[in-house]
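Examining the three-dimensional arrangement
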Amino acid sequence: MSHDFPVRRARMEYVCMNCGRRHPVDALLYTCPDCGGVLLLEDLDFDEMKEKGAQYWRDLFDARRATRTSALRGVFRFYELMAPVLEEEDIVYLGEGDTPIIEASAELEKKVGRRFAYKNDGMNPSASFKDRGMAGAYSYLKSLVRRNGWKEVLTICASTGDTSAAAAMYGAYVGAPIRTVVLLPHGKVTPAQLSQPLGSGAQVLEVPGVFDDCMKVVEYLAEHYRVALLNSKNSWRVLGQESYAYEAAQWYGWDMAGKALFMPIGNAGNITSMISACLKMHRLGIIEELPHIVGVQSEHADPVWRYYSTPKERREYHPVTVQPSVAQAAMIGNPVSFPRVRNLVDRFEAAGGRFDVVQVTEQAIMDSMILANRHGHIACTQGGESFAGMLKADELGLLGREEFCILDSTAHALKFAGFQNMYFEDSFPAEYGVKARPELVNHPKLLLTAEERAALPEGEFTRAAALAVAEAAGLDARA
């Protein structure tokens, strides 16, 4: 089986989630020109893939894990499922995708009473899942630049940190004619996350407010100026993020039966991509059963939970005003991709899939993050949100006894070390509603002060320090 770049090309269109109208993909559209609704990308020739049979595609995607073709090493390993309109020269690969799934340790599994695993998307190049979408968005943008001969392109995004880091990194790699601007809510981004777009050379601009305010500004700019918007309104980003679900299915031998996938909702682009990807695999027979998909929201930003917790005949969607959340990437009161979610969930359930949304507290998010990392994981606060969501779903009786849960840790724990420190110091502002649990707190202990060391006789420091370590660690001397 050839690992060369695929020859299959397809016709693709944007499809509006509101009015249903279709638009060609020869231009970068964010919303429907007719009604302003959000768009999804559709492969008009998708059913032709059925001719080769499900096993052909499983074997091909498995074989590509060993390819030396750079364009197929990352998220575009699943090229035919995602963007069969791109040429090899346009695909941007920075090592994104193929992140590991790590089962919970025996001790943590026993503590929780359920088998589960984390998919560590913080092991992407910029340390978050956003790289998947940026690989899709920048590859398509690079294609447009080449075909149109553009001399200057300004990309822009609103962000709570991870989007800006990924956008700046991919923009810096592609280089001219692309310039990158990122818009951040002032004081709402961790220092580690802020350092990333600055280090990549992006123009970083801040405004007072929250992410939703930044999003309104970049949407206005996209409507009135010639800019390339890189938020999840960009359908090519959602397409790149589908790779998460393809990788999860591949990890388990293309068997999603008895699996429950937990995903923080945030701006709803990631959960959109997960549902879309599962539907595609099911449609081709690559997976025989759909997984159980569970979205998770903090009580401080929960519009999608409010919608789905209402009986179907009375559901109405309303944005909410957010409160401070440790899960900063999920602190969004009006998710851009909600219309996509609503459309895809209807299709998902019609195909036999099960979809739930649970609401969790800020306390549960932090406790879960600390508990996971105490047992060898590298979960961010959004990873804590996934864990808390699993515990909540179990409490509500939404999970079968034998369901195996796969939790999304969207970013690396180091990006959110500040929240960990606040927990250990029990210094969260009251509006977060988080108090440290003593059994989860950890502090460094100074064994000798500088003054005590200076007072030691010459050559006694090593022995004195070693004795202090032995006492602190409870070591017994050798017989």
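Details of the structure are given in the entry above.
Given the structure is predicted, the values throughout are model-derived calculations rather than measurements.

About the thresholds
Residues numbered from 1 in each chain as written. Predicted model: local features only at pLDDT ≥ 70, side-chain atom pairs only at ≥ 80, totals over all residues. Heavy atoms only, no water. Helix = DSSP H or I, 4+ residues; strand = E, 2+ residues; numbered from the N terminus. Rg over C-alpha atoms; globule rule 2.2 N^0.38 Å. Areas by Shrake-Rupley, 256 points an atom, 1.4 Å probe, with all protein chains shown as cover. Lys, Arg positive; Asp, Glu negative; His and termini not counted. Charge placed at Lys NZ, Arg CZ, Asp CG, Glu CD. Salt bridge = Lys/Arg side-chain N within 4 Å of Asp/Glu carboxyl O. Buried < 20%, exposed > 50% of the residue type's maximum accessible area, 1.4 Å probe, protein only. Pairing = 2+ DSSP bridges. Axes fitted to C-alpha atoms, helices over the stretch in contact; angles between N-to-C directions. 1 Å grid on protein atoms, 1.4 Å probe; cavity = no way out; pocket = protein on both sides within 12 Å on 5 of 7 lines; lining within 4 Å. Points joined across faces, edges and corners; volume = space filled by probe spheres on them. Contact = heavy atoms within 4.5 Å. Right-handed = clockwise from strand over helix to strand, strands pointing away. Parallel < 35°, antiparallel > 145°, perpendicular 65-115°, else oblique. Left-handed = near helix turned anticlockwise from the far one by under 90°. Nonpolar A, V, L, I, M, F, W, Y, C, P; charged D, E, K, R; others polar. Phe/Tyr/Trp six-rings, centres within 6.5 Å; stacked < 30°, edge-to-face > 60°. Lys NZ or Arg CZ within 6 Å of the ring centre and 35° of its normal.

A few words now on the overall build of the protein chain. A tally of helices and strands in the protein chain yields 17 helices and 13 strands. Relative to its length of 479 residues, the protein chain is compact, with a C-alpha radius of gyration of 24 Å against a globular reference of 23 Å. Taking the principal axes of its C-alpha atoms as reference, the protein chain extends roughly 80 × 50 × 50 Å. Of the roughly 20400 Å² of accessible surface on the protein chain, 50% is carried by carbon and sulfur atoms. With 51 positive and 61 negative side-chain charges, the protein chain shows a spacing of 3 Å between the two charge centroids.

Let us now look at the pattern of salt bridges. Under the definition given, this model contains 29 salt bridges. Between K435 and D426 there is a salt bridge, and its shortest N-O distance comes to 3.4 Å. According to the relative accessible area criterion, D426 is partly exposed, its value standing at 35%. Via salt bridges that share partners, K119, D121, R132 and E247 belong to a single interconnected network.

For the rest of this paragraph, the subject is the sheet that holds strand β2 (residues 22-24). Here we have three strands laid out as an open sheet, ordered β2-β1-β3, and antiparallel in their pairing. One side of each edge strand has no neighbouring strand; the edge strands of this open sheet are β2 and β3 (39-43). Strand-to-strand twist of the sheet, defined as the mean angle between neighbouring strand axes without regard to direction, takes the value 35°. Pairing analysis gives three bridges linking strand β1 (residues 12-16) to β2, with the strands arranged antiparallel.

This part is about the layout of surface pockets. Approximately 470 Å³ is the volume found for the largest pocket. If you go around the largest pocket, you meet 22 residues; those closest to its centre are L28, Y30, A222, Y225 and V227. Breaking the lining of the largest pocket down by element, the ones donating at least two residues are α4 (130-148), β6 (153-158), α7 (211-224) and β9 (228-229). Among the elements that take part in the lining of the largest pocket, α7 stands out by supplying three residues, more than any other.

Here we take up the sheet that holds strand β4 (residues 101-103). Spatial ordering of the open sheet is given by β4-β5-β13-β10-β11-β12, a layout of six strands whose pairing is mixed. Where the open sheet ends on each side, the last strands, each with one partner, are β4 and β12 (354-360). With direction set aside, neighbouring strand axes in the sheet form an average angle of 25°. In this sheet, β12 lies alongside strand β11 (residues 292-298) in parallel orientation, the contact comprising seven bridges. Bridge assignment links G295 to a residue of β12, and that residue is V357. The strands touched by helix α10 (residues 269-284) within the sheet are β10 (259-264), β11, β12 and β13 (404-409), with β11 carrying the most contacts at an inclination of about 175°.

Attention shifts here to empty space enclosed by the protein. For the structure shown, the criterion picks out three cavities of 30 Å³ or more. Roughly 140 Å³ of internal volume is contained in the largest cavity. In terms of lining residues, the largest cavity is bounded by 18 residues, among which F129, K130, I265, G266 and N267 are the most central. At the level of elements, α8 (235-241), β10 and α10 are the ones that each hand at least two residues to the lining of the largest cavity.

Counting buried positions along strand β7 (residues 178-185) yields seven of eight residues, so the element is predominantly enclosed. After leaving β6, the chain enters helix α5 (residues 162-174) and then returns to the sheet as β7, a path that is right-handed. One ladder, built from five bridges, connects β7 with strand β8 (residues 203-207); its direction is parallel. By the bridge assignment, P185 is partnered in β8 with V207. A crossover links β7 with its parallel partner β8, the connecting element being helix α6 (residues 191-199), and its sense is right-handed.

What follows is about the packing of α5 against α6. Where α5 contacts α6, the two axes come as close as 8 Å, and the packing angle between them is 20°. With respect to each other, α5 and α6 are oriented roughly parallel. Where α5 crosses over α6, the two elements pack in a sense that is left-handed. On α6, the residues that touch D162, S164, A165 and A168 of α5 are Q193, Q196 and P197. Residue composition of the contact of α5 with α6, grouped by class: three nonpolar, three polar and one charged.

A word on the side chain of N120. The topology assignment puts N120 in strand β5 (residues 116-120). For N120, a relative accessible area of 6% translates into the label buried. Excluding its chain neighbours within four sequence positions, the residues that come into contact with N120 are T99, P100, I102, I378 and S409.

As a further point, take unusual backbone geometry. Cis geometry is adopted by the peptide bond preceding P177, which originates at A176 and carries an omega value of 10°. Positive phi, close to 65°, is recorded for W254, a residue that is not glycine. Within the secondary structure, W254 sits in the loop between α9 (243-251) and β10. What makes W254 buried here is its relative accessible area of 6%. Although it is not a glycine, A268 adopts a positive phi angle of roughly 75°. Along the chain, A268 turns up in the loop between β10 and α10.

Put simply, α4 and α5 touch, their axes get as near as 9 Å, and they point 40° apart. Taken together, the axes of α4 and α5 lie oblique to each other. Along this stretch, α4 crosses α5, giving a crossing that reads as right-handed. On α5, the residues that touch K130, D131, M134, A135 and Y138 of α4 are D162, T163, A166, A167, M169, Y170, G171 and V174.

Once that is clear, we can look at the packing of aromatic side chains. If you walk through the whole model with that rule in mind, you get 20 aromatic pairs. Their ring planes at 40° and their centres at 5.2 Å tell us that F116 and F387 sit as a pair that is tilted. You can see F116 sitting in strand β5 and its partner F387 sitting in helix α14 (residues 381-395), a full 271 residues away along the chain. On the accessibility criterion, F116 (1% relative accessible area) is buried. Each ring, one from Y138 and one from Y170, has its centre 6.3 Å from the other, and the planes form 25°; the classification is stacked. Separated by 32 residues along the polypeptide, Y138 in helix α4 and Y170 in helix α5 bring together distant segments of the chain. Taken individually, Y138 and Y170 each receive the classification buried, so the pair is uniform in this respect. These aromatic residues form a ring-pair network of at least three members: Y56, W57, F61, F78, Y246 and W254. For R226, the ring lying beneath its charged end belongs to W150, and the centroid distance is 5.1 Å.

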